[in-house]
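Descriptive structure summary
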Amino acid sequence: MKNINVIGLGYIGLPTALMFAKSGVNVIGVDYNIELVNSLKSGKLTFEEDGLDELFAKALSNGIEFSNEYSQSEIYIVAVPTPYVKESKKIDPSYVISAVNSVLDVCVKGAIICIESTISPGTIDRFVRPIIEERGFIIGQDVHLVHTPERIIPGNMIYELEHNSRTIGCDDNEIGEKVKELYSSFCKGEMIITDIRSAEMSKVVENTFRDINIAFANELAKICRQDNMDVYEIIKTANMHPRVNILQPGPGVGGHCISVDPWFLVGDYPSLTNLIWEARKINDSMPNFVLGRIRQIMKEHNIHDVSKVGLYGLTYKENVDDTRESPTLQLLEAMDEHLAFGIKSYDPFVKEMIVEGQYHNFDEFMNDVEIVVIMVSHNEIKENIECLKDKIILDTRNICHLPGTYKL
Ligand code: SAJ
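Read on for a plain summary of the structure. All figures in this text were calculated on a predicted structure; none of them were measured in a lab.

Before going further, it helps to spend a moment on the site of the ligand. Close to the ligand lie 20 residues, the nearest being Glu150, Arg151, Lys203, Arg210 and Tyr316. Here an oxygen atom of the ligand sits 2.6 Å away from a polar atom, N or O, in the side chain of Lys203. One nitrogen or oxygen atom from the side chain of Arg397 is found 2.8 Å from an oxygen atom belonging to the ligand. The class makeup of the residues in the shell around the ligand is nine nonpolar, four polar and seven charged. Three or more residues apiece are contributed to the shell around the ligand by two domains, here domain 1 (2–194) and domain 2 (210–407).

As structure tokens, this is what we get:
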């Protein structure tokens, strides 16, 4: 039975650690956040995700431990955040560097460090190898570096952990095979062994591809709005072509992956990333586009009081509790900049108060607004769509088919 440390117990690290533990691997989950570790130690999960409760229970019964301290081990899985610097659009590798440094303090000779965090292509060569060498470790002998980028989608993480294919980027095939064996304790998908640089690049490319595809759908939505065409009908029809697969327009692209990773390429290759940059700009313009639609609808109905408007959904997408980079929060920020206050909002997944005018009860929220803007298609609203029948509705997710519903 292998002994591993999973470092960083957030949206990716925690389910991964639990999955390893469930499959019989000896796991210590490590995070510098004392509160988070204490919460897990006391049996309390730190975020909601389908199937996570059951997985947690199984991992606990298999003896998973949580700690703030790194411990001696042969394998480390690093799943810490990799934000980008807003001004330069480049990666901030400080969490990865600090995790690797802490691993070096305790690891056994020949330990394998697998970096799961998404990193910009070249990060391992530019930032990780130098710090290991500066500390006198020989890469390939004292420690081995591997990049195993995560691919799981919030909302379906547990299923995807088990079934998605994986990329294993390494310097040495033998080490790649060892890592493949470890992941095959739970992963049934195909695992491809490649070099580190290709693994870094392919991960960022996957998310950039999706960002560009969504931007295309959003641009189509704007074109169709201008001439009153039905963008959904057009996409549905075009997608019947065997080689066309356009995604869905929406109020913007949120989350900490698709709206962040393309910037890594823009930051490193500014003169070569025209398409990628333009796609980012289009997706980032969508919250403002929705704001414009709200303004038009208010005018049409002679409503001047913004407190009659309610935004349904604060998370970045349906049925998750993650609000990072959420289009609704971007929209609220834009309103704030224009000193427009008083709009209402509600989300069944957001229990704490994160914005002014936020409701925690669906019925109260519905009672207090005249215009409902569907920003997120949580199951709750889909199942209660009839409650909207006396409201003015702006549906940015194309889930409401009540007569008179406004679309993007
Ligand atoms: N969105 C649209 N239209 C669509 C699809 C999505 O507007 O047709 C919006 C969503 O509402 C959301 C945003 O895009 O605001 C991103 O959501 P998502 O479901 O497309 O993706 P994420 O960010 O939850 O997860 C992505 C996934 N990447 C790809 O599908 C290529 C996931 O597999 C990655 O593991 C994850 O990024 C990551 O961590 O990198």
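Back to the write-up after that little detour.
This part covers the pairing of strand β5 (residues 111–115). Counting buried positions along β5 gives five out of five residues, so the element sits mostly inside the fold. Side-chain alternation along β5 places Ala111, Ile113 and Ile115 on one buried face and Ile112 and Cys114 on a second face that is also buried. The pairing of strand β4 (residues 75–78) with β5 spans four bridges and is classified as parallel. By the bridge assignment for β5, Tyr76 is matched with Ile113. With helix α4 (residues 94–106) bridging β4 and the parallel β5, this β-α-β connection has right-handed handedness. Two strands pair when backbone bridges link them, and β5 and strand β6 (residues 143–147) are joined in this way by five bridges, in the parallel orientation. Residue Ala111 lies in a different strand from β6, and its bridge partner there is Val143. As a crossover connection, the stretch from β5 through helix α5 (residues 123–134) into β6 is right-handed.

Moving on: the sheet that holds strand β8 (residues 191–194). Pairing in this open sheet of eight strands is mixed, and the strands run β3-β2-β1-β4-β5-β6-β7-β8 from one edge to the other. Here the strands that pair on one side only, and so sit at the sheet edges, are β3 (65–67) and β8. Direction aside, neighbouring strands of the sheet carry axes that sit 25 degrees apart on average. As defined by bridge partners, strand β1 (residues 3–7) adjoins β4 across four bridges and the pair is classed as parallel. Residue Ile7 lies in a different strand from β4, and its bridge partner there is Val78.

Cut-off values and rules
Residues numbered from 1 in each chain as written. Predicted model: local features only at pLDDT ≥ 70, side-chain atom pairs only at ≥ 80, totals over all residues. Heavy atoms only, no water. Near = heavy atom within 4 Å. Polar contact = N/O pair within 3.5 Å; in protein donor to acceptor, adjacent residues only side chain to side chain. Nonpolar A, V, L, I, M, F, W, Y, C, P; charged D, E, K, R; others polar. Domains from an automatic or database assignment. Buried < 20%, exposed > 50% of the residue type's maximum accessible area, 1.4 Å probe, protein only. Helix = DSSP H or I, 4+ residues; strand = E, 2+ residues; numbered from the N terminus. Pairing = 2+ DSSP bridges. Right-handed = clockwise from strand over helix to strand, strands pointing away. Axes fitted to C-alpha atoms, helices over the stretch in contact; angles between N-to-C directions.

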